[in-house]
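# Coordinate analysis (summary)
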Amino acid sequence: MSLTDMLRAEARLAPVSGIEAVANYGRDRKGLIPLWAGEGDLPTPDFINAAAMRGLADGETFYTWQAGIPELRAALARYHKRHFGLAFSPDEFIVTIGGMQAIVLALQATVGAGDEAIYLDPAWPNFAGAAGVAGAVPVPVPLIEGANGWYCDVARVEAAVTPRTKVIFVNTPANPTGWTADIETLKALLDLARKHGLWIIADEIYALFHYGGRRAPSFMDIMEPEDKILFVNTFSKNWAMTGWRVGWLRAHPSLGRTFENLIQYSSSGVAQFLQRGAIAALDEGDAFLASQVERAQRARDLVCRKLAETGKVRFSVPPGAFYLFFSVEGMKDSTRAAFDIVDKASVGLAPGVAFGKAGEGHLRLCFHRRLDQVEEAADRLAEWIRKT
Ligand code: PMP
């Protein structure tokens with residue numbers, strides 16, 4: 001018996017990321033344009049860095065509030081009032097280590113061994129991975145790729161509910177498809193959750209990364225205060241802060257104590273000086289965010305045009321997030337294709353199968369990058385597509 005065999009099965013069996021496999025293969029290639037990761041190419045803006053550095057200079061290097069410093073929780077309440085029109089109180093927000101820890105805490109609070117957690121497939125793989133580590137069974141329900149883009153058939157979600165189901169995870173706008181739920185779909189999902197007594201974990205981290213001129217529809221538009229919804233969110237994408245690992249969870253105020261305890265027994269909180277940067281992002285970062293969305297929209301339109309011109313690609317233009325999820329005529333094995341694109345086109349893409357069974361036959365391209373590089377990548381890719 002190896003040491004690995006002696007580990008807890010849920011840990012031992014946690015899946016390897018299918019994105020990493022391709023990225024590790026191509027990471028050091030000279031001249032490769034990496035569009036596989038879920039992040040932009042801009043560093044964090046100076047006004048955010050400066051606020052964190054002031055915190056550090058002021059000696060903010062001690063243990064701090066488990067749930068986040070009061071000033072940041074107040075800034076989160078202001079941000080939600082401004083963008084979602086809701087008057088949350090600061091104690092409804094729990095500061096976490098990125099969106100990922102918010103997801104882990106939401107799972108710790110709602111599922112245990114043998115419970116089922118429904119999610120929509122294709123999906124960013126970390127929810128299913130974390131549910132499995134928690135001992136729960138992740139249950140994929142496929143999104144459908146129709147003539148007018150991806151959509152969610154709520155009847156299929158309902159058909160997947162069993163007596164063991166505890167949670168529905170809804171990521172909209174979605175990584176990797178860009179699927180963005182309309183308000184009717186959100187209402188139907190909320191009705192379903194209410195009817196069966198399920199929790200919704202709402203991952204709306206791309207809500208403001210929306211190309212419709214305004215933010216995407218949100219559960220916040222339709223929920224009642226007592227609804228069983230946990231919102232997970234992050235500073236990573238809106239303000240180019242992926243490496244900071246700061247995010248938040250929004251929950252009913254009566255749940256604050258529990259989440260504070262879960263923080264205590266996992267990370268024990270987020271560095272205080274980082275939280276100073278986060279406050280600057282929320283209070284002063286709207287213009288930066290708007291400029292990022294505008295830049296990404298130009299890149300999205302360009303890459304869509306160039307790939308469509310090949311006549312061999314199928315996709316729907318994503319209304320939100322910053323990924324193009326496309327299929328190529330005749331391409332069946334997305335992992336093989338992603339490796340081949342590294343070798344022949346020197347472009348890094350994520351294989352669709354890394355996002356679940358329903359993702360096979362697709363590739364994910366992150367277009368949140370300098371326009372000249374996106375253009376160069378799209379040209380190389382179009383050539384690869386024409387030749388295959
Ligand atoms: N949810 C979705 C849908 C994501 O795409 C990501 C990041 N790729 C996260 C959550 C997690 O964000 P963070 O990097 O802050 O952990």
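Residues numbered from 1 in each chain as written. Predicted model: local features only at pLDDT ≥ 70, side-chain atom pairs only at ≥ 80, totals over all residues. Heavy atoms only, no water.

For the rest of this paragraph, the subject is the overall build of the protein chain. Regarding its fold elements, the protein chain presents 13 helices and 15 strands. The C-alpha atoms of the protein chain give 21 Å as radius of gyration, which agrees with the globular expectation for 388 residues (21 Å, within 12%). If one aligns the C-alpha atoms of the protein chain with their principal axes, the spans along those axes are about 60 × 55 × 50 Å. For the protein chain, with 388 residues in total, the buried portion stands at 55%. Summarising the internal contacts of the protein chain: among those between residues at least 6 apart in sequence, 75% fall at separations of at least 24. (Helix = DSSP H or I, 4+ residues; strand = E, 2+ residues; numbered from the N terminus. Rg over C-alpha atoms; globule rule 2.2 N^0.38 Å. Buried < 20%, exposed > 50% of the residue type's maximum accessible area, 1.4 Å probe, protein only. Contact = heavy atoms within 4.5 Å.)

Close contacts around the ligand come from 13 residues, with G99, D203, T234, S236 and R245 the closest. In the environment of the ligand, an oxygen atom lies 2.9 Å from a nitrogen or oxygen atom belonging to the side chain of Y206. Within the side chain of T234, one N or O atom sits 2.5 Å away from an oxygen atom of the ligand. The protein chains hide 92% of the 390 Å² of surface that the ligand would expose on its own. When residues in the shell around the ligand are grouped by element, the largest group, 3 residues, is from helix 5 (residues 98–110). When the residues that make up the shell around the ligand are grouped by side-chain class, the tally is 4 nonpolar, 6 polar and 3 charged. (Near = heavy atom within 4 Å. Polar contact = N/O pair within 3.5 Å; in protein donor to acceptor, adjacent residues only side chain to side chain. Areas by Shrake-Rupley, 256 points an atom, 1.4 Å probe, with all protein chains shown as cover. Nonpolar A, V, L, I, M, F, W, Y, C, P; charged D, E, K, R; others polar.)

Taken together, the 7 strands give an open sheet; going across it, the order is 2-10-9-8-7-3-4, and neighbouring strands pair in mixed fashion. If you trace the sheet from one side to the other, it starts and ends with strand 2 (93–96) and strand 4 (137–142), each paired once. Between one strand axis and the next, the sheet turns through 25° on average, direction left out of account. Of the pairings in the sheet, the one linking strand 7 (residues 165–171) to strand 8 (residues 199–203) comprises 5 bridges and is parallel in character. Counterpart to V170 in the pairing with strand 8 is A202. The strands that helix 6 (residues 126–133) touches are strand 3 (116–121), strand 4, strand 7 and strand 8; relative to strand 3, the one it contacts most, it runs at about 165°. (Pairing = 2+ DSSP bridges. Axes fitted to C-alpha atoms, helices over the stretch in contact; angles between N-to-C directions.)

Looking now at the sheet that holds strand 14 (residues 350–351). Strand order in the open sheet formed by 4 strands is 11-12-15-14, and the pairing between neighbours is antiparallel. In the strand order of this sheet, the two ends are held by strand 11 (313–314) and strand 14, each with one partner. Direction of pairing for strand 14 relative to strand 15 (residues 362–366): antiparallel, over a ladder of 2 bridges. From the neighbouring strand, P351 faces strand 15, where its bridge partner is L363. Most of the contacts of helix 12 (residues 334–345) go to strand 15, to which it runs at about 45°, and overall it touches strand 14 and strand 15.

Time to look at the packing of aromatic side chains. Under the definition given, this model contains 15 aromatic pairs. Taken together, a centroid distance of 4.7 Å and an interplanar angle of 70° make the contact between Y25 and F339 edge-to-face. Here F339 lies in helix 12 and Y25 lies in helix 2 (residues 18–26), a separation of 314 residues in the sequence. Given the relative accessible area of 35%, Y25 is considered partly exposed. (Phe/Tyr/Trp six-rings, centres within 6.5 Å; stacked < 30°, edge-to-face > 60°.)

On to the packing of helix 12 against helix 13 (residues 371–387). Where helix 12 contacts helix 13, the axes come no closer than 10 Å and their chain directions differ by 115°. The angle between helix 12 and helix 13 falls in the class roughly perpendicular. Remark: the crossing between helix 12 and helix 13 carries right-handed chirality. Across the interface between the two elements, A337, D340, I341, K344 and A345 of helix 12 pack against R380, L381 and W384 of helix 13. (Parallel < 35°, antiparallel > 145°, perpendicular 65-115°, else oblique. Left-handed = near helix turned anticlockwise from the far one by under 90°.)

The biggest cluster of nonpolar side chains holds 106 residues, and the ones touching the most others in it are F219, F235, W239 and F326. Per-element tally for this core: the top contributor is helix 11 (residues 286–308), with 9 residues. When residues are assigned to domains, this core turns out to be shared by domain 1 (4–44 + 287–382) and domain 2 (48–284), each giving three or more. With residues up to four places along the chain from it excluded, the contact list for F219 reads V170, L186, L189, L190, I200, A202, E204, I229 and F231. Core analysis: the next-biggest nonpolar cluster, separate from the first, contains 25 residues, A67, A106, A123 and I263 among them. (Core = buried A, V, L, I, M, F, W, Y, C linked by side-chain atoms within 4.5 Å. Domains from an automatic or database assignment.)

On to the pattern of salt bridges, then. When their charged atoms lie close together, side chains carrying opposite charge are able to pair. Under the defined criterion, the tally for this structure stands at 24 salt bridges. With its nearest N and O atoms 2.4 Å apart, the salt bridge here joins R250 to E92. Residue R250 is found in strand 10 (residues 247–250), and its partner E92 is found in the loop between helix 4 (70–84) and strand 2; the two are separated by 158 residues along the sequence. For D301, the salt bridge is made with R300, and the minimal N-O distance between the two is 3.0 Å. According to the relative accessible area criterion, R300 is buried, its value standing at 9%. (Salt bridge = Lys/Arg side-chain N within 4 Å of Asp/Glu carboxyl O.)

So, on to the domain arrangement of the protein chain. Each assigned domain of the protein chain is listed here: domain 1 (4–44 + 287–382) and domain 2 (48–284). A straight line from the C-alpha centre of domain 1 to that of domain 2 covers 23 Å. Taken together, the contacts link 35 residues of domain 1 with 37 residues of domain 2. Note on domain 1 versus domain 2: buried area summed over both sides is about 2900 Å², and carbon and sulfur give 58% of it. On the domain 1 side of the contact with domain 2, T44, L289 and F355 bury the most area, a combined 22% of that side's loss. Linking domain 1 with domain 2 are 0 salt bridges, by the criterion used here. Within the residue set of the side of domain 1 that touches domain 2, elements represented by two or more residues are helix 11, strand 12 (323–328) and strand 15. Of the residues forming the side of domain 1 that touches domain 2, the biggest block, 7 residues, is contributed by helix 11. Of the residues in the side of domain 1 that touches domain 2, the class split is 18 nonpolar, 10 polar and 7 charged. (Buried area = accessible area lost by both parts, 1.4 Å probe.)

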